[in-house]
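Here are the chains, one letter per residue:
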Amino acid sequence: SGTYTAVIPNAAGCDSTITINLTVNYATSSIISPTVCNTYTAPNGTVYTSSGTYTAVIPNAAGCDSTITINLTVNASSTSSITASSCDSYTAPSGAVFTSTGVYTDTIQNAAGCDSVITITLTITSGTSSVLNETACGGYTLNSQTYTSSGTYTQVLTNTAGCDSTITLNLV
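Residues numbered from 1 in each chain as written. Predicted model: local features only at pLDDT ≥ 70, side-chain atom pairs only at ≥ 80, totals over all residues. Heavy atoms only, no water.

Draft legend 1. Molecular detail of the overall build of the chain. Helix and strand counts for the chain come out as 0 helices and 18 strands. Over its C-alpha atoms the chain spans a radius of gyration of 39 Å, topping by over 25% the 16 Å that the globule rule assigns to 172 residues. Reported as C-alpha extents along the three principal axes, the dimensions of the chain are approximately 140 × 25 × 20 Å. Every one of the 172 residues in the chain was classed for burial, and the buried ones make up 22%. By element, 51% of the accessible surface of the chain is carried by carbon and sulfur atoms, the whole surface being about 10800 Å². (Helix = DSSP H or I, 4+ residues; strand = E, 2+ residues; numbered from the N terminus. Rg over C-alpha atoms; globule rule 2.2 N^0.38 Å. Buried < 20%, exposed > 50% of the residue type's maximum accessible area, 1.4 Å probe, protein only. Areas by Shrake-Rupley, 256 points an atom, 1.4 Å probe, with all protein chains shown as cover.)

Here it is as structure tokens:
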């Protein structure tokens, strides 16, 4: 860069003085190391889906080549499925709570820091309850438990679906 003067003969054979204000622009280079999930779009618009070392060339601020070395790590998302049965509600791996039978999608982070999409095929079974109003002299036996005084008693058993069956006994 700088100012330079050159003297050359013109068409008439006389001296012609030329002043040159010269600016020299330089190419630049840089290194980046992105870690991404699944795909990466480089600064030049190229899309990469696998880890590796790549080169992208784009214009720098001076209009010269900027060569970018890309040390790329591409991690993968994952998918899995769960078939589950639960009583009354089900808590998915993300903490979402489902209360009815259906097919659900749950997303959590996998070990690589990317999405892990889980398809949950869920069956929800309900607990049952019943109320017994009984009068007894001397005692009343319900499911091998004998009660000898008036009051309200509760028993929790397992129903045929494997869920809680709550029996409320009102004994007079």
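Now, onward.
Draft legend 2. Layout of the sheet that holds strand S12 (residues 102–109). The sheet built from 3 strands is open, its strands ordered S9-S13-S12 with mixed pairing. Only two strands of the sheet have a single neighbouring strand rather than two, namely strand S9 (78–87) and S12. Averaged over all adjacent pairs, the angle separating strand axes in this sheet is 25 degrees, with direction ignored. Two strands pair when backbone bridges link them, and S9 and strand S13 (residues 115–125) are joined in this way by 10 bridges, in the parallel orientation. Counted as the bridge partner of Thr83 is Thr121 from S13. (Pairing = 2+ DSSP bridges. Axes fitted to C-alpha atoms, helices over the stretch in contact; angles between N-to-C directions.)

Draft legend 3. Structural context of the state of the cysteines. By the definition in use, this model includes 2 disulfides. The side chain of Cys37 participates in a disulfide bridge whose partner is Cys114; the two sulfur atoms lie 2.1 Å from each other. One disulfide, between Cys37 and Cys114, carries an S-S torsion of -95 degrees and so falls in the left-handed class. In this pair, Cys37 is assigned in strand S4 (residues 35–37) and Cys114 in the loop between S12 and S13, connecting sequence segments 77 residues apart. For the chain, the disulfide bridges join cysteines in the arrangement 1-3, 2-4, where the cysteines are counted in sequence order. (Disulfide = S-S within 2.5 Å.)

Draft legend 4. Region of interest: unusual backbone geometry. In this model, Asp88 sits at a positive phi of 70 degrees, which is unusual for a non-glycine residue. Following the sequence through the fold, Asp88 ends up in the loop between S9 and strand S10 (90–91). Positive phi values are uncommon outside glycine, yet Asn143 reaches one of about 50 degrees. Within the secondary structure layout, Asn143 lies in the loop between strand S15 (140–142) and strand S16 (145–147).

Draft legend 5. Region of the structure containing the nonpolar core. Val36, Tyr40, Ala42, Tyr48, Tyr54, Ala56, Ile68, Ile70, Leu72 and Val74 form the largest nonpolar core, which has 10 residues in total. Those elements that place two or more of their residues in this core are strand S7 (52–59) and strand S8 (65–75). A per-element tally of this core places S8 first, with 4 residues. Formed by 9 residues, the second largest nonpolar core is a distinct cluster that contains Ala84, Tyr90, Phe98 and Ile124. (Core = buried A, V, L, I, M, F, W, Y, C linked by side-chain atoms within 4.5 Å.)

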